[in-house]
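Notes for the structure review
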Amino acid sequence: MAHTDHSKQTETDRTRRRRLRREVPSTVGLLADEQDFTAMRRYDTFTFDDHATYLRQIEALLRSLAAQGVHTTVALFDPDEYAEFCAAGGHDPDSTASRSRFTATIPATGAAVAYTGQPLDTLVPLLINTAVRKATWEYVTALLADLGECADCGQDIGRAAFDRASRLLFALLEAAGPGTHHMVCSIPAADEQLLAALQADHTGDTSAAVDPAEGAEFVSVLAAGIALERPGGVVLRTTAPDTPDRLHGWRLLHGHLVPLTEAEVFSAYCTDADTGEPLSPESGVEYRAGYDLGIDTTDTHH
């Protein structure tokens, strides 16, 4: 009888631990590309020798955790940042415990996304895109903060550019009308091409709904172009029921979004950016000139 009671208690404890395990989130560090994977192979405790096999095992692990009801975050594992983490904290880099400790810190400062059952060929691009967006956001916010005040009027240059970019975004969306709007802002910077994209849904009854994070990133990149007076641009694609998609474009010039002509919009969309070769126009798409945003043209100082 005592043995039976002990067995029942043991099984009850196991059940409780399984239930409790579902309430403990997990973070899985992912080496997304071959180069990062190769960099980790210098550690003896990292036992994988083939990136494709490693990715299959990661995907199996994610599915297993999901089947247990565990909320899992996938974080982009950077070997260089890992080495710096170990050096700063005095951790042995050739240790599974050190890798686990580092992985647990990534979501607080690095790129991470929630695993919702998506396949790796969907998850990896999403994770990389998140990393690029985060790096762009950090670069642009630091750039705007470092611009300081205008020597002539004392106004904070970064803040003034951000405010103007916010008004431009609002004007773009208001004039676009009903539909789902996908917008991309591209600004050439000293070291890289700054890109930001957002999607906004406009029913016509209220202002367009924009994800706050996407909106802030878009405005910040546009503000960088305004503050630095770089020749960037904005393109907008509108999708609405029972109508062809509409494509519009603007160039950034002295803090203003100047509408492109219909021919310029067509050329921008139908030219390969890398080779300069013409591309076939999309079926069911109308290439239209940019429209006047109605923003005043007097506050061009910043």
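Just above, that's the structure.
For clarity, every value in this text was computed on a predicted model and none was experimentally measured.

**Observations regarding a negative patch on the surface**
- A contiguous patch of negative charge, built from D33, E34, D49 and D50, is present on the exposed surface.
- Counting through the fold element by element, D33 comes out in the loop between β1 (26-30) and α2 (34-40).
- Take D33: its relative accessible area is 35%, and that puts it in the partly exposed class.

**A few points about the side chain of H51**
- The topology assignment puts H51 in helix α3 (residues 51-67).
- Residue H51 is classed as buried on the basis of its relative accessible area of 8%.
- Those residues in contact with H51, other than ones at most four positions away along the chain, are L31, A32, D33, E34 and F37.

**Some thoughts on the nonpolar core**
- Ranked by internal contacts, the top residues of the largest apolar core, which has 37 residues, are M183, F218, L222, V234, W250, L257 and L293.
- Those elements that provide at least two residues to this core are α6 (120-146), α7 (157-176), β4 (179-188), β5 (193-202), α8 (212-228), β7 (233-239) and β8 (245-253).
- Top element by residues in this core is α7. It accounts for 9 residues.
- Leaving out residues up to four positions away in the same chain, M183 has contacts with L169, L172, L173, A196, A197, L198, F218, V234, V235 and L236.
- Core analysis: the next-biggest nonpolar cluster, separate from the first, contains 26 residues, V28, V74, C86 and Y115 among them.

**Things to note about the pairing of β5**
- The alternating pattern of β5 places L194, A196, L198, A200 and H202 on a buried face and Q193, L195, A197, Q199 and D201 on a face that is not buried.
- From the end of β4 to the start of β5, which pair antiparallel, there are 4 residues.
- Pairing between β5 and strand β6 (residues 209-210): 2 bridges, direction antiparallel. Looking at β6, one finds that D201 is bridged to A209.

**Points about the packing of α6 against α8**
- Between α6 and α8, whose axes approach to 9 Å, the crossing angle comes to 45°. It follows from the interaxial angle that α6 and α8 lie oblique. The chirality of how α6 crosses α8 is left-handed. Packed against α6, whose contacting residues are R133, T136, W137, V140, L143 and L144, the element α8 presents A213, E214, A216, E217, S220, V221, A223, A224, A227 and L228 at the interface.

Cut-offs used in this document
- Residues numbered from 1 in each chain as written.
- Predicted model: local features only at pLDDT ≥ 70, side-chain atom pairs only at ≥ 80, totals over all residues.
- Heavy atoms only, no water.
- Patch = residues over 30% accessible without salt bridge, like charges linked within 9 Å, V, L, I, M, F, W, Y side chains within 5 Å.
- Areas by Shrake-Rupley, 256 points an atom, 1.4 Å probe, with all protein chains shown as cover.
- Salt bridge = Lys/Arg side-chain N within 4 Å of Asp/Glu carboxyl O.
- Lys, Arg positive; Asp, Glu negative; His and termini not counted.
- Charge placed at Lys NZ, Arg CZ, Asp CG, Glu CD.
- Helix = DSSP H or I, 4+ residues; strand = E, 2+ residues; numbered from the N terminus.
- Buried < 20%, exposed > 50% of the residue type's maximum accessible area, 1.4 Å probe, protein only.
- Contact = heavy atoms within 4.5 Å.
- Core = buried A, V, L, I, M, F, W, Y, C linked by side-chain atoms within 4.5 Å.
- Pairing = 2+ DSSP bridges.
- Axes fitted to C-alpha atoms, helices over the stretch in contact; angles between N-to-C directions.
- Parallel < 35°, antiparallel > 145°, perpendicular 65-115°, else oblique.
- Left-handed = near helix turned anticlockwise from the far one by under 90°.

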